[in-house]
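# Chains, contacts and geometry: an overview
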Amino acid sequence: RAKNLTLATLVSLAKISLKLGRYEQTERMMEEMEKYLAILPGEAGNFDIMLLRLLVAEFFHDEAEQEYLKKTYQSFIQCPYMIDFFWDCVDFMAYLEKTGHDDLLENVIQQLEKSMQEEAVPDMSLHVLRFKINLLKRQGRKEELTAQLDHFFRLSNLQNKQTEEAIQMIIETKKTHQ
C-alpha cells in the first residue's frame, strides 16, 4: 500500500471525517479517492476502500449497503496483510456487531485470531477478544464465555507486564544517557 500513499491517506481522511460528522468533507475525500482509483483500478477492491464505502453507505442509508457488506467481507477474507489493516478490521467488527451480523463477525474474529500471534501483540488480541466476549454474551454461550474471560484476564496481565518492561527500559535508557 505504500506505493499508493496518497490513496491510503485519502481513505484515512475520509473515515476520520465520517466519524467526526463532517459529511461534506467525507464526500470530497471520496471524490478525490475515486479520481485516484480511476488511474489505479487494481486498488478499488482493497479492504480499507471497501470498508469505507460500506460505512458511508450505512451512514447515508444507501440501498447498496448489503452489496458493499458482501464486497467488504470478501476483500477482508482475501486481504493478505490483515494486521496491516488492523484498525480497519476493528471498524469492520464494530459495524458487524452494531448491525447484528453475528455469523460474519464470528468469522472475522476467527480469521484475525489465526493471523495474530497474541503473545507478541496482546493489545491487538485484546481488542479482538472484546468483540468475541460480547458476541458470546449475546448468544448465551456461557461455557465458551467463561474460557474467553479467563483468556482475556491472562492477556491483560501479559500486556501489563510488557508495558512495565517497556517503561523500565525507557527509565534505564534515560539513566545511561544522562
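Definitions and cut-offs
- Residues numbered from 1 in each chain as written.
- Predicted model: local features only at pLDDT ≥ 70, side-chain atom pairs only at ≥ 80, totals over all residues.
- Heavy atoms only, no water.
- Helix = DSSP H or I, 4+ residues; strand = E, 2+ residues; numbered from the N terminus.
- Expected span 1.5 Å × (residues − 1).
- Buried < 20%, exposed > 50% of the residue type's maximum accessible area, 1.4 Å probe, protein only.
- Contact = heavy atoms within 4.5 Å.
- Phe/Tyr/Trp six-rings, centres within 6.5 Å; stacked < 30°, edge-to-face > 60°.
- Axes fitted to C-alpha atoms, helices over the stretch in contact; angles between N-to-C directions.
- Parallel < 35°, antiparallel > 145°, perpendicular 65-115°, else oblique.
- Left-handed = near helix turned anticlockwise from the far one by under 90°.

### Quick word on helix H5 (residues 86-99)
In this model H5 runs 20 Å from its N-terminal to its C-terminal C-alpha over 14 residues, within 8% of the 20 Å that 1.5 Å per residue would give. Taken together, the buried positions of H5 are occupied by Phe86, Asp88, Cys89, Val90, Asp91, Phe92, Met93, Tyr95 and Leu96. Residues of H5 that are buried make contact with helix H1 (5-19), helix H3 (47-59), helix H4 (65-78), helix H6 (102-115) and helix H7 (122-139). Backbone geometry just downstream of H5 places Gly100 in the positive-phi region, at approximately 75 degrees.

### Regarding the packing of aromatic side chains
According to the stated counting rule, one finds seven aromatic pairs in the structure shown. Here Tyr23 and Phe60 contribute two aromatic rings whose centre-to-centre distance is 6.1 Å and whose plane-to-plane angle is 75 degrees, an arrangement assigned as edge-to-face. Residue Tyr23 is located in helix H2 (residues 23-39), and its partner Phe60 is located in the loop between H3 and H4; the two are separated by 37 residues in the primary sequence. In this structure Tyr23 comes out as partly exposed when scored by relative accessible area, which is 31%.

### Focus on the packing of H4 against H5
Describing two packed helices takes the angle between their axes plus the distance from one axis to the other. Axis separation between H4 and H5 bottoms out at 12 Å; the angle between their running directions is 140 degrees. The orientation of H4 relative to H5 falls into the category oblique. By crossing handedness, the relation of H4 to H5 is classed as left-handed. Seen from H4, the contacting residues are Glu65, Leu69, Thr72, Tyr73 and Phe76; seen from H5, they are Cys89, Phe92, Tyr95, Leu96 and Thr99.

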